[in-house]
Amino acid sequence: MTELLKISLPDGSVREMPEGSTPADVAAAIGPGLAKAAIAAKVDGELRDIGRPFEGDAELALVTNRDEDEALELARHDFAHVLAEAVQALWPGTQITFGPATEDGFYYDVMAPADRAPFGMEDLPAIEEKMREIIKADKPLCREAWSRQALIDKWKADGESFKAEWAAELPEGEELTVYWSGAPNEEGSWMDMCRGPHLPSTGKLDPQAFKLMRVAGAYWRGDQANAQLTRIYGTGWLNKKQLNQHLMRLEEAAKRDHRKLGREMDLFHLQEEAHGSVFWHPQGYKIWRELESYMRRKMDGGGYREIKTPQVMDARQWEQSGHWGKYRENMFVIPDEVPNTEDEGPVISGEADWMALKPMNCPAHVIVFKQGITSYRDLPIRLGEMGCCHRNEPHGALHGLMRVRQFTQDDAHIFCTEDQVVEETRKFCELADSVYKDFGFKYEIKLALRPEQRFGSDADWDKAEEELRNAVKEAGMATEEFGWEELPGEGAFYAPKLEWHLTDAIGRTWQVGTIQSDRVLPERLDATYIGEDGGKHRPVMLHRAIFGSYERFIGILIEHFAGKVPVWLAPTQAVVAPIVSDIDDYAGEVLAKLEAAGIRASADLRNEKINYKVREHSLKKVPHLLVVGKREQEEGTVAIRTLGEKDQRVMPLDEALAMLTEEATAPDLR
RNA sequence: GCUGCUGUAGCUCAGUGGUAGAGCGCGUCAUUGGUAAUGACGAGGCCGGGAGUUCAAUUCUCCCUAGCAGCACCA
């Protein structure tokens, strides 16, 4: 007599099933609709194949496409397998390696056979077509347990050297599994090593819900020393509608691209001769100046004192700070000599001492701190600088304003006693909060904990991590609302750090603000203060920034607002546009009043139709267009057309001025 | 830095082994038009840089450089 298994379902009911039965059998027993919809199972909380037999009594929850997170994960993983199968079907001899689900899709790293070039964009349509065939064939996905040795032998026999290498490294004794697409060992079936779980068959995928996006190079195991593979990226969803929504989001991101908007709005440009450094145009620099004034007010109000330190310092200084040893490959160095310019020069002797452009402001701030004698009564000392730094970034890393080689930070260093660390950190949390709120950003705070490679004792790390954690708790921000999370291994080598991640209008996140407590640099540069006991003590140094860098923050603002930055930041806040040239004088009067009120405005007196002017200034993202015609002149009014609105509002000039003045006022001054 | 792709007018892009084209923008003229492109005419290019192949290179080959995508990097 066979034993019956007790399978408990989420509604609390219990079904008795014969031994050897599977979640699919349970689904079938409940009803044909569910049997069709079920794509996987959660058995005792673990996501599993729906066709995998129970091993005993179990709690079961059937997974359908309504369980979107699980369903997407499964579908993407399966798309990746189908992708690999398709590539091997088209080009036998292709080696497969690894293919996981990603945030919005999947990829698979493959190595083209020796007799053909790496796969390119032009191969994608054929691969997509083959993938659709595999999906439509509705091949069952069958799980099979293998021994490690058998698997290694199989991969070697198939010429799959990467897979063989990988299988050999999997822990011995663990049951290894493979999945077949099609019946095991049958002609036309395809196999991959995989932990699973998978959908019951390829036909559960929607052949219209994926798209191969691009190919890129990737290294075997992410290591440059290893073979270069071709990574084929796809985006995958549960249905065509979701796919289309995703493609539209990508389009939206492309529309917001700050490099494109920067050119269209004439904010800045980049060029070959200074790659990685920004040429700010008058319009773009107006945004910068407004941000800088804003941040100065914030920092002044927070008890910071602004300084300015040298751009170039002798290498000896960088040696002492540790940058020469740890960071030199990212530093621009220059010989400390006048080059010989005879015969085509410049020629350098190679014997001069080195100097370097500063990649960070911190050593210079310690130097300023060390001038004179500091008493504990003076602490905390908060030194701020709009510090212009140069970092010789890898060329492939450069990206518009987001990653540059010359940038200016809203930097500051707080020198304080051990006892003041938590309080200073808490204050910083509040300052950062007020800034991000002024821009309307939502953000999350993360604590990056000790990395494997680090300076200092575990006791120091325990303490430093606890201080930052407590400071955020005291600020009431270590909560779900603030996305509080601790990230093991992500800290700097000398200290843990708090990170502020902004979420932009289309859901992307950007790390901007940070605070790090540092006990290493004060030590290396021998910073001290005189304590209550009359002896020398070591201050703690807090490195902190809120914007991060002006360049990057402006890039984020452009993308977040799609160029339509708030009026107080807009380079041109209003344009006066007369309809006919008879009104030019009145337009001039209006402009004069705007300028007197401190509004950044101009008048468009060109011999163009009003349609043309509206279109042009709208494209330039000017927030307010003040249209004036005969009627407005007679009545002393303006017709305001606001960016993004179709209708205009006619109002008396004084009223318009009051409105614009209000909108043009920075949020901290309102 | 690695791999792939790209570099033609201010911008977006066509094109060709016999030194080039469009649209927008710009200039001139006409037009004075009520809320997202008025019309005509005109100017504007060392076809990223260097080398090679060729009678001839913007076009083919190689090297360099920058950009783009991804990877690696981002203390």
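Residues numbered from 1 in each chain as written. Chains lettered and ligands numbered in written order. Predicted model: local features only at pLDDT ≥ 70, side-chain atom pairs only at ≥ 80, totals over all residues. Heavy atoms only, no water.

## Brief notes about the overall build of chain A
So, point 1. Secondary structure assignment for chain A yields 20 helices and 32 strands.
So, point 2. Reported as C-alpha extents along the three principal axes, the dimensions of chain A are approximately 95 × 75 × 70 Å.
So, point 3. Surface summary for chain A: the accessible area is close to 32,700 Å², and the carbon and sulfur share equals 48%.
So, point 4. Charge separation in chain A, taken as the distance between the mean sites of 82 positive and 116 negative side-chain charges, equals 4 Å. (Helix = DSSP H or I, 4+ residues; strand = E, 2+ residues; numbered from the N terminus. Areas by Shrake-Rupley, 256 points an atom, 1.4 Å probe, with all protein chains shown as cover. Lys, Arg positive; Asp, Glu negative; His and termini not counted. Charge placed at Lys NZ, Arg CZ, Asp CG, Glu CD.)

## Looking at the pairing of strand S21 (residues 442-448)
So, point 1. Taking burial as the measure, the seven residues of S21 include five buried ones, the bulk of the element.
So, point 2. For S21 and strand S22 (residues 485-487), the ladder comprises three bridges, and the chain directions are parallel. Across the sheet, the residue bridging to Ala448 is Leu487, located in S22.
So, point 3. Chirality of the crossover, the property in question, places the unit of S21, helix H14 (residues 458-474) and S22 among those that are right-handed. (Buried < 20%, exposed > 50% of the residue type's maximum accessible area, 1.4 Å probe, protein only. Pairing = 2+ DSSP bridges. Right-handed = clockwise from strand over helix to strand, strands pointing away.)

## Comments concerning the protein's contact with RNA strand B
So, point 1. Lining the immediate surroundings of RNA strand B are 48 residues, of which Met360, Ile579, Asn607, Arg615 and Arg641 lie closest.
So, point 2. Sugar and phosphate atoms form 49% of the subset of RNA strand B atoms that lie within 4 Å of the protein.
So, point 3. Between Arg391 and RNA strand B, the recorded distance is 2.5 Å, taken from a side-chain N or O atom to a base nitrogen.
So, point 4. The contact in question runs from a base nitrogen of RNA strand B to an N or O atom on the side chain of Glu632, over 2.6 Å.
So, point 5. Elements represented by at least two residues in the surface near RNA strand B include exactly strand S11 (210-219), strand S12 (228-236), helix H8 (258-264), helix H18 (610-619), helix H19 (630-635) and strand S31 (637-642).
So, point 6. Residues that form the surface near RNA strand B fall into these classes: 19 nonpolar, 14 polar and 15 charged. (Near = heavy atom within 4 Å. Polar contact = N/O pair within 3.5 Å; in protein donor to acceptor, adjacent residues only side chain to side chain. Nonpolar A, V, L, I, M, F, W, Y, C, P; charged D, E, K, R; others polar.)

## Quick look at the nonpolar core
So, point 1. Among the nonpolar cores identified, the biggest contains 63 residues, and Leu291, Tyr436, Phe439, Leu498, Trp500, Phe547 and Phe553 are the most heavily contacted of them.
So, point 2. By size, the runner-up hydrophobic cluster in this structure holds 36 residues, among which are Ala80, Phe106, Ile134 and Ile135. (Core = buried A, V, L, I, M, F, W, Y, C linked by side-chain atoms within 4.5 Å.)

## Some points on the packing of helix H9 (residues 282-301) against helix H13 (residues 421-438)
So, point 1. The interhelical angle for the contact between H9 and H13, taken along N-to-C directions, is 150°, at an axis separation of 11 Å. Between H9 and H13, the angle is such that the two are roughly antiparallel. In this structure, H9 crosses over H13, and the sense of that crossing is right-handed. On H13, the residues touching Tyr294, Met295 and Lys298 of H9 are Leu431, Ser434, Val435 and Asp438.
So, point 2. A breakdown of the residues in the contact of H9 with H13 according to their chemical character gives four nonpolar, one polar and two charged. (Axes fitted to C-alpha atoms, helices over the stretch in contact; angles between N-to-C directions. Parallel < 35°, antiparallel > 145°, perpendicular 65-115°, else oblique. Left-handed = near helix turned anticlockwise from the far one by under 90°. Contact = heavy atoms within 4.5 Å.)

## Focus on the environment of Gly188
So, point 1. With respect to the element layout, Gly188 can be found in the loop between strand S9 (176-181) and strand S10 (190-193).
So, point 2. Along the backbone, Gly188 and Ala89 are 99 residues apart, and their C-alpha atoms lie at a distance of 9.1 Å.
So, point 3. With residues near it in sequence (within four places) discarded, Gly188 still touches Glu85, Lys139 and Ser181.

## Quick notes on the packing of helix H3 (residues 68-90) against helix H4 (residues 124-136)
So, point 1. For the pair H3 and H4, interaxial distance at closest approach is 8 Å and the crossing angle is 115°. On the basis of their axis angle, the class for H3 and H4 is roughly perpendicular. Taken as a pair, H3 and H4 cross one another with a handedness that is right-handed. In this structure, H3 contributes Phe79, Val82, Leu83, Glu85, Ala86, Val87, Ala89 and Leu90 to the contact, and H4 contributes Ala126, Ile127, Lys130, Met131, Ile134 and Ile135.
So, point 2. Of the residues assigned to the contact of H3 with H4, the class counts are twelve nonpolar, no polar and two charged.

On their own, these measurements won't tell you what the molecule is for.
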